[in-house]
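Residue-level listing of the chains:
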Amino acid sequence: MKYKKINDATVQCIITAEDMVEYGLTLSDIFERNEKGEGFLRDIIERAHDEIGYQINGENIAMQITPLKDKGLVVTFTDESPLAFKDILQHLKDVLQGVSEEFDRQEQSEAQRQKAEEFDENRRMFAFATLHQVMQYTASIPNTLSVRSHLYKEGEVYYLVLEKNRLSYKMFNKISAQAVEFGNLIAVSEERMQYLEEHGECLITDRAVSRLRRIYLA
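Since we're looking at a predicted model, the values are computed, not measured.

Quick word on the pattern of salt bridges
Turning to step 1, where the next piece is worked out: Counted by the stated rule, this structure contains two salt bridges.
Turning to step 2, where the next piece is worked out: Residue Glu190 is joined to Arg123 by a salt bridge in which the shortest nitrogen-to-oxygen separation is 2.8 Å. Highlighted residues: Glu190 in helix α8 (residues 190-199) and Arg123 in strand β5 (residues 123-128), separated in sequence by 67 residues.

Section: the side chain of Gln178
Turning to step 1, where the next piece is worked out: Relative to the helices and strands, Gln178 resides in helix α7 (residues 169-179).
Turning to step 2, where the next piece is worked out: We classify Gln178 as buried; its relative accessible area is 17%.
Turning to step 3, where the next piece is worked out: Only 3.1 Å separates the side chain of Gln178 from the side chain of Ser140, close enough to count as a polar contact.
Turning to step 4, where the next piece is worked out: If near-sequence neighbours (up to four positions away) are discounted, Gln178 is found in contact with Tyr137, Ser140 and Ile141.

A few points about the side chain of Thr138
Turning to step 1, where the next piece is worked out: In this fold, Thr138 is placed in helix α6 (residues 131-139).
Turning to step 2, where the next piece is worked out: Within the structure, the side chain of Thr138 is placed 3.4 Å from the backbone nitrogen of Arg213, a separation counted as a polar contact.

Examining the sheet that holds strand β2 (residues 10-15)
Turning to step 1, where the next piece is worked out: Read from one edge to the other, the open sheet built from four strands follows the order β1-β2-β4-β3, with strand pairing classed as antiparallel. With partners counted over all chains shown, the strands left at the sheet margins are β1 (2-5) and β3 (62-67), one partner each. Ignoring which end each strand starts from, the neighbouring axes of this sheet average 15 degrees apart.
Turning to step 2, where the next piece is worked out: Where β3 and strand β4 (residues 73-78) come together, six bridges link them in antiparallel fashion. Across the sheet, Ile65 pairs through a bridge with Val75, a residue of β4.
Turning to step 3, where the next piece is worked out: Lying over the sheet, helix α3 (residues 35-52) contacts β1, β2, β3 and β4, oriented at roughly 65 degrees with respect to β1.

Side note on the nonpolar core
Turning to step 1, where the next piece is worked out: By size, the foremost hydrophobic cluster in this structure holds 29 residues, and its most contacted members are Ile15, Ile44, Ile65, Val75, Phe77, Met125 and Tyr159.
Turning to step 2, where the next piece is worked out: Those elements that place two or more of their residues in this core are β2, α2 (27-31), α3, β3, β4, β5, β7 (157-163) and α8.
Turning to step 3, where the next piece is worked out: The dominant element in this core, judged by the number of residues it contributes, is α3, at five residues.
Turning to step 4, where the next piece is worked out: When sequence neighbours within four positions are dropped, the list of residues in contact with Ile44 reads Met1, Tyr3, Cys13, Ile15, Val75 and Phe77.

Here's the deal with unusual backbone geometry
Turning to step 1, where the next piece is worked out: The backbone of Asn165 sits at a positive phi, close to 50 degrees, despite the residue not being glycine.
Turning to step 2, where the next piece is worked out: Tracing the backbone through its elements, the reader meets Asn165 in the loop between β7 and α7.

Quick look at the sheet that holds strand β8 (residues 184-186)
Turning to step 1, where the next piece is worked out: Strands sit in the order β8-β5-β7-β6-β9 across an open sheet of five strands; the sheet is antiparallel. One side of each edge strand has no neighbouring strand; the edge strands of this open sheet are β8 and β9 (201-204). Taking each pair of neighbouring strands and ignoring which way they run, the sheet shows an average axis angle of 30 degrees.
Turning to step 2, where the next piece is worked out: On top of the sheet, α6 reaches β5, β6 (148-154) and β7; it is set at about 25 degrees to β7, its chief contact.
Turning to step 3, where the next piece is worked out: Contacts between helix α9 (residues 208-217) and the sheet are confined to β6, β7 and β9, with β6 contributing the most and set at about 75 degrees to the helix.

With respect to the pairing of β5
Turning to step 1, where the next piece is worked out: Across the six residues of β5, six count as buried, placing the element largely inside the fold.
Turning to step 2, where the next piece is worked out: Because side chains alternate across β5, one face comprises the buried residues Arg123, Met125 and Ala127, and the other comprises Arg124, Phe126 and Phe128, equally buried.
Turning to step 3, where the next piece is worked out: Two elements, β5 and β7, share six bridges in a ladder whose sense is antiparallel. Of the residues in β7, the one forming a bridge with Met125 is Val161.

Focus on the packing of aromatic side chains
Turning to step 1, where the next piece is worked out: If you walk through the whole model with that rule in mind, you get four aromatic pairs.
Turning to step 2, where the next piece is worked out: Here the aromatic rings of Tyr23 and Phe40 are separated by 4.7 Å at their centres, their planes lie at 70 degrees, and the arrangement is edge-to-face. Of the two residues, Tyr23 sits in helix α1 (residues 17-23) while Phe40 sits in helix α3, which places them 17 residues apart along the sequence.
Turning to step 3, where the next piece is worked out: Assessed through its relative accessible area of 30%, Tyr23 is described here as partly exposed.
Turning to step 4, where the next piece is worked out: A residue is classified by how much of its surface remains accessible, and Phe40, at 3% relative accessible area, is buried.
Turning to step 5, where the next piece is worked out: Where Tyr54 meets Phe77, the ring centres are 5.4 Å apart and the plane angle is 75 degrees; that geometry is what we call edge-to-face. With Tyr54 in the loop between α3 and β3 and Phe77 in strand β4, this residue pair connects regions lying 23 residues apart in the sequence.
Turning to step 6, where the next piece is worked out: Its relative accessible area of 0% is what places Phe77 among the buried residues.

The rules we used
- Residues numbered from 1 in each chain as written.
- Predicted model: local features only at pLDDT ≥ 70, side-chain atom pairs only at ≥ 80, totals over all residues.
- Heavy atoms only, no water.
- Salt bridge = Lys/Arg side-chain N within 4 Å of Asp/Glu carboxyl O.
- Helix = DSSP H or I, 4+ residues; strand = E, 2+ residues; numbered from the N terminus.
- Buried < 20%, exposed > 50% of the residue type's maximum accessible area, 1.4 Å probe, protein only.
- Polar contact = N/O pair within 3.5 Å; in protein donor to acceptor, adjacent residues only side chain to side chain.
- Contact = heavy atoms within 4.5 Å.
- Pairing = 2+ DSSP bridges.
- Axes fitted to C-alpha atoms, helices over the stretch in contact; angles between N-to-C directions.
- Core = buried A, V, L, I, M, F, W, Y, C linked by side-chain atoms within 4.5 Å.
- Phe/Tyr/Trp six-rings, centres within 6.5 Å; stacked < 30°, edge-to-face > 60°.

In structure tokens:
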């Protein structure tokens, strides 16, 4: 595992496929947040103190998780407020670019670099372990907001895709920050969207937020 300190409150950890094997973990363990996955994530935060001197200053930790091409992960965690969400996204974009360039050098391939360059800041994707968690999140969004959104399922994981559309970036960041209380942030690229469309099942093609919110609050 490789740690990078973004600032006093925010840290990124790159976890390789070999690390996952060593811990006996799968991506399902992480995204379903089962006991093994939760223990691993807690261990990452605790080890950050020994590796780079990270100190937890707040009571709550926000965490974003993105799978990598080699079946590893990028985990970003912070005890800053949700207002720091936009900065976390930018750091996530930067680390994906850096990891992609390393893959390119090792594999002499352009595909992963293109993936990082196509990171779409006008779309956000979140992975949820259950449909109930998706509905809980949609219920937290004010019904006065019209959010262009789509719901997919791949395996046992639900993916909610939000589009900025006519929302201000301030509002888009605000509702995105709310989502990390229920699910995990996934960096969006055209390649990832194509993969989800080809291998996943589209449950709601549009207005997923308003439809699920209406069902949950009925």
